[in-house]
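Fold and contact review
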2 protein chains.
Amino acid sequence: MTDLVNRKPGSPIGLHRVVTPAGVLPQAAERLDPSPALWPDEVRVRLERLNLDAASYRQLATKHGGDGAAVRAEVLDIVATRGKMQNPVTGSGGMLVGVVEEVGPDSPLGLAVGDRVATLVSLTLTPLMITDALARWDGGSEQVPAGGHAILFGRSIAVRLPEDLPAPLALAVMDVCGAPALTARVVTDAIERGKPPIVVVIGGAGKSGSLSLAAARASGAARTIGVVPVQSEADALEAAGLADHVVVADARDPVALAATVRRGGGPADVTVVCVDVPGCEHGAILATADRGTVIFFSMATSFSAAALGAEGLAADVTMLVGNGYVPGHAAYALDLLRTSPDVRALFGARLAQHPT
Amino acid sequence: MTDLVNRKPGSPIGLHRVVTPAGVLPQAAERLDPSPALWPDEVRVRLERLNLDAASYRQLATKHGGDGAAVRAEVLDIVATRGKMQNPVTGSGGMLVGVVEEVGPDSPLGLAVGDRVATLVSLTLTPLMITDALARWDGGSEQVPAGGHAILFGRSIAVRLPEDLPAPLALAVMDVCGAPALTARVVTDAIERGKPPIVVVIGGAGKSGSLSLAAARASGAARTIGVVPVQSEADALEAAGLADHVVVADARDPVALAATVRRGGGPADVTVVCVDVPGCEHGAILATADRGTVIFFSMATSFSAAALGAEGLAADVTMLVGNGYVPGHAAYALDLLRTSPDVRALFGARLAQHPT
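The written sequence of each chain sets the order in which its residues are numbered from 1. Chains and ligands are labelled by the order in which they are written, letters from A for the one and numbers from 1 for the other. For a predicted model such as this one, the threshold for reporting local features is a pLDDT of at least 70, and the threshold for listing and counting side-chain atom pairs is 80 or more; totals across whole chains, interfaces and linings nevertheless cover every residue. Working from all heavy atoms in the structure, the side-chain values ignore hydrogens and water.

1. Notes on the overall build of chain A
- Helix numbers and strand numbers start at the N terminus; a helix is a DSSP run of H or I with at least 4 residues, a strand a run of E with at least 2. The helix and strand inventory of chain A stands at 11 helices and 15 strands.
- In terms of C-alpha radius of gyration, chain A reaches 22 Å, essentially the compact-globule figure of 21 Å for 356 residues.
- C-alpha extents for chain A along the principal axes are approximately 65 × 45 × 40 Å.
- Exposure categories follow from relative accessible area, calculated using a 1.4 Å probe and restricted to protein chains: below 20% of the type maximum is buried, above 50% is exposed, and the middle band is partly exposed. Sorting the 356 residues of chain A into buried and exposed places 59% on the buried side.
- We get accessible surface area from the Shrake-Rupley algorithm with a probe of 1.4 Å; when it comes to residues, only the shown protein chains can shield them. Approximately 13600 Å² of chain A is accessible, and the part contributed by carbon and sulfur atoms is 54%.
- As used throughout, the charge tally considers Lys and Arg to be positive and Asp and Glu to be negative, leaving His and the chain termini uncounted. Charge positions come from single atoms, namely NZ of Lys, CZ of Arg, CG of Asp or CD of Glu. Charged side chains of chain A number 29 positive and 36 negative; the gap between the two group centres comes to 1 Å. The size measure is the radius of gyration over C-alpha atoms, and the globule rule it meets is 2.2 Å times the number of residues to the 0.38 power.

In C-alpha cells, the structure reads:
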C-alpha cells in the first residue's frame, strides 16, 4: 500500500500530475508525472495491453518503414519522455486494458483491486509508465502487450470488462457507447415534452448507428428510420430488423437525402449522424422537422457548415455536438447488445468486417 | 405585375432557381436563375446596396492590388456568371439592403411592396441581377451601392429596417441576433425545468456577447457573469451594468477560466461562447456545471475539440451548435436594444470601434 499520508486531495481532472507546461490540462501537457504513488482519489492499473490509436500507429509505422524495433523504440521513448502515450505528430493516443492494482481511499470510480478494466479516456491524458521495455511486442500492430502501470484520476472513465462478452466485442461497443446513450436521452426528453419522436439514423448499419437505432426504439421512439449508403447495407439492416424503415441515400446530397427520408416516413424529429463522411450537415438539417434535433456524432462534422447551413435554410433545429460522455453510457450500450440478438448479430458482423 | 399564370409552386428553399449543377442547394450551386419573374411564393427586392462579406472583399482587393475598377469588373462578372454574389475563392457572400418591389401571392414572409428590408440569408444563395454596371461604386469598399434586383424564397429571411434606429446600428444588431434569441430560449427552457440558471457569457462586452447577457437577464437568469479578456473591456461592461459579475480571464486557458468563473459566482448552468478565438472549447466545458449547457456561437469553434474535450473531461454537458436562425430573432434583438439604454450604449461604442 502506498503511503497516502500528507497527500493533499488531487484534482479530479489530474491537474496535480501536470509537470510541464504548468497550469494546462493533462491532455495539453508536454509531460505528466506517472509515478506510482497515489493521490487519495486516484487508482493505479497494472497494464495488460495498450491499443494505439490507428492514426498514431500508422504514422509511426510509415515513418520507420515497417521496422518494428524502431517503432517500439519510439513508443518507449515517447512514454519515457512525456509520461503518457501521446504521439507528438498526430496528437492522438489510444486506450488501455489492465487490472486494478490499488484504489485510493477517496476514489469515486467504484473500482476494486483485481477488476479487469478498459479506460474510456484517451491515453493522451493518462499518466503511464512502462517497465518491461515492451519486450512482448514486435512493433508490428497497434495492439501492444505491455508491462507497467497507468493512473486514473477521480473523473477518469474506466469500465469493468464484462465476463459474459468477448473482450474485442465489449471494447468495440464501449468505443461508440456515447452515441446510443445520448440518443436515448434526447428521445426520452422528447417524450417527456409530450411526443414520441420519429428518429432517423444516418449510417444506421454501422457500429454507433446500429446501437443508436436500438437505443431509439428501446427509449420509445414513434418510428425509427435507418439511412444507409448502399443496398448491401440496407439488406443487412433490414434483416436485422433494427429499424422500422430502411432507406438508401447519399447523405452528402441534401435534397436527395431529405426527399428519401420523407418517403421513408420522415421528416425526423431527431436525426442522428453516425457516418464519418464530410458534408452531411446540410442533409441532416434538411431531413429534420421544425423544432427537431440533430445530433452530430461524426468527427467529420464541420462546425461552420452546420451553423451556417441551418441559418441559410432558415431551419429552426437544435444541433448537438455529440458528447461521447454520458454517465452510465458503457453499461447502457452493453445491455442493448445483451438484450437484442439483432444488435449483437449486426454489430458482430460489422466488427468482423471492420475490426478497428 | 409579373405573369404568375401556370407557375407551379416554388420550393421554399429555392431549388427551382438552381441551374447548375442540377439538384443541389442554392448555396452549393454554380449558377442560379435570377430572372425577375416570380414563382408564387417569392418576393423581388429592388437593390439599394450590397454589403460584401469582409473575407470576400479582402480577397478581391488584394488580388487586384487595390485597382477599384478591376474589383468592380470582377464582381460584375461573378454576378453575371453565377446569378448570385458568391466569391468563388472564399465561398462567401454578404447581405443586401433594398426595397420590396413585388410580392408573390403565396409568399409567407409578410412583406409588402415598398418595405425597406435587409436580407439575413447570405448572398451565396440569393438570386441576383445587377443592371447599373455598379456605376456608383468605385470598388474601394465592401459597401456597394447597386441597381438591379434580388429574389427571396419562401424560407428566405428578410427583415424590415426599423424606422427608429440608424440603419448601421440596426444592421449590426441583425448580424448577431441569433445569439440573444437562442440564449433566451435555453434560459427559458431551464426555468421551465425548474431552475433559473447561472449564465456565463464569454466575450460579454462584444456585440453578440452584450446582447446575450441582456437576453439572459431579460429571460430570468439567476445570475449573469460576463467574461472579458482585458481590464478595459471589464471597465466598459461594468459601467454598462449588463452583467451581475464581470471577470477578466483568457478563455483559451481552461484551468484559469474555470477558476475565475467559479470565483465570480459560477460554475455556469449555461455558458455562451461569443469570442471568435480558437481554443475556447475546453475552458467553456470546464466552466460549466454537470448537466449544464454550452452554446458555441464562435465560428472559430472546433467540432472535434468540443466533442473530445467533453469526453476527456468526463463532462456531462449539452453542447449546442449556435444556430443563427431562431424565428423572430431580429425583432427580439432590436427590442433588447430599444428597451435597454445600457445595451445600446455599449453596442454603439463597440460598433464605433469595430464597424464591421
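After that view of the structure, there is still more to cover.
2. A closer look at the nonpolar core
- Nine residue types can take part in a nonpolar core, namely buried Ala, Val, Leu, Ile, Met, Phe, Trp, Tyr and Cys, and a core is a set of them joined through side-chain atoms within 4.5 Å. Counting 116 residues, the largest nonpolar core has Met174(A) and Met174(B) as the members making the most contacts within it.
- Of all hydrophobic cores here, the second largest spans 65 residues; its members include Ile225(A), Met319(A), Leu257(B) and Val261(B).

3. Brief notes about helix α10 (residues 329-339) of chain A
- Those residues of α10(A) not exposed but buried are His329(A), Ala330(A), Ala333(A), Leu334(A), Leu336(A) and Leu337(A). Mapping the buried residues of α10(A) onto a view down its axis gives an arc of 150 degrees, with all of them on the same face. Taking the helix axis as origin, the arc is that swept by the directions to the C-beta atoms.

4. Details of the interface of chain B and chain A
- Here, two residues are considered to be in contact whenever any of their heavy atoms come within 4.5 Å of each other. Listed per partner, the contact involves 44 residues of chain B and 44 residues of chain A.
- Both sides of the chain B and chain A interface together cover about 3900 Å² of buried area, and 64% of this is carbon and sulfur.
- We count a salt bridge whenever a side-chain nitrogen from Lys or Arg sits within 4 Å of a carboxyl oxygen from Asp or Glu. Joining chain B to chain A, the criterion identifies two salt bridges.
- Linking Asp316(A) and Arg185(B) is a salt bridge whose minimum nitrogen-to-oxygen distance equals 2.9 Å.
- Polar contacts, as used here, are pairs of N or O atoms within 3.5 Å; protein pairs need one atom able to donate a hydrogen and one able to accept it. Residues neighboring in sequence count only if both atoms are side-chain atoms. Our count for the chain B to chain A interface comes out at 10 residue pairs in polar contact (both at pLDDT 80 or more).
- Elements that contribute at least two residues to the side of chain B that touches chain A include exactly α7 (254-263), α8 (281-286), β14 (288-296), α9 (303-312) and β15 (318-321) of chain B.
- Considering each element in turn, the side of chain B that touches chain A owes the most residues, eight residues, to α9(B). Accessible area, probed at 1.4 Å, shrinks when two parts are joined; the buried area is that loss added up over both.

5. Describing the relation of the copies chain B and chain A
- You can overlay chain B on chain A at an RMSD of 0.1 Å; the transform is a turn of 180 degrees with a shift of 0.0 Å along its axis. Here the symmetry operator amounts to a two-fold rotation axis. Rotation axis and chain B: the residue whose C-alpha lies nearest the axis is Leu320(B), separated from it by 2.4 Å.
- A shared binding surface is used by both copies, with 100% of the interface residues of chain B retained as interface residues in chain A. C-alpha atoms of residues with pLDDT of at least 70 in both copies form the basis for the least-squares superposition of the copies.

6. Some points on unusual backbone geometry
- Thr20(B) connects to Pro21(B) through a cis peptide bond whose omega is -15 degrees.
- Tracing the backbone shows Pro21(B) in the loop between β1 (18-20) and β2 (31-32).
- Cis rather than trans, the peptide bond between Gly266(B) and Pro267(B) has omega equal to 10 degrees.
- By the element assignment, Pro267(B) lies in the loop between α7 and β13 (268-273).
- In this structure, Arg291(A) is a non-glycine residue whose phi angle is positive, near 65 degrees.

7. Focus on the environment of Ala61(B)
All names here are of chain B.
- Looking at the secondary structure, you find alanine 61 in helix α1 (residues 54-63).
- C-alpha of alanine 61 to C-alpha of serine 141: the two residues are 80 residues apart in sequence and 8.8 Å apart in space.
- When residues no more than four places from it in sequence are discounted, the contact partners of alanine 61 are Gly66 and Val71.

That is the geometry; function is a separate question.
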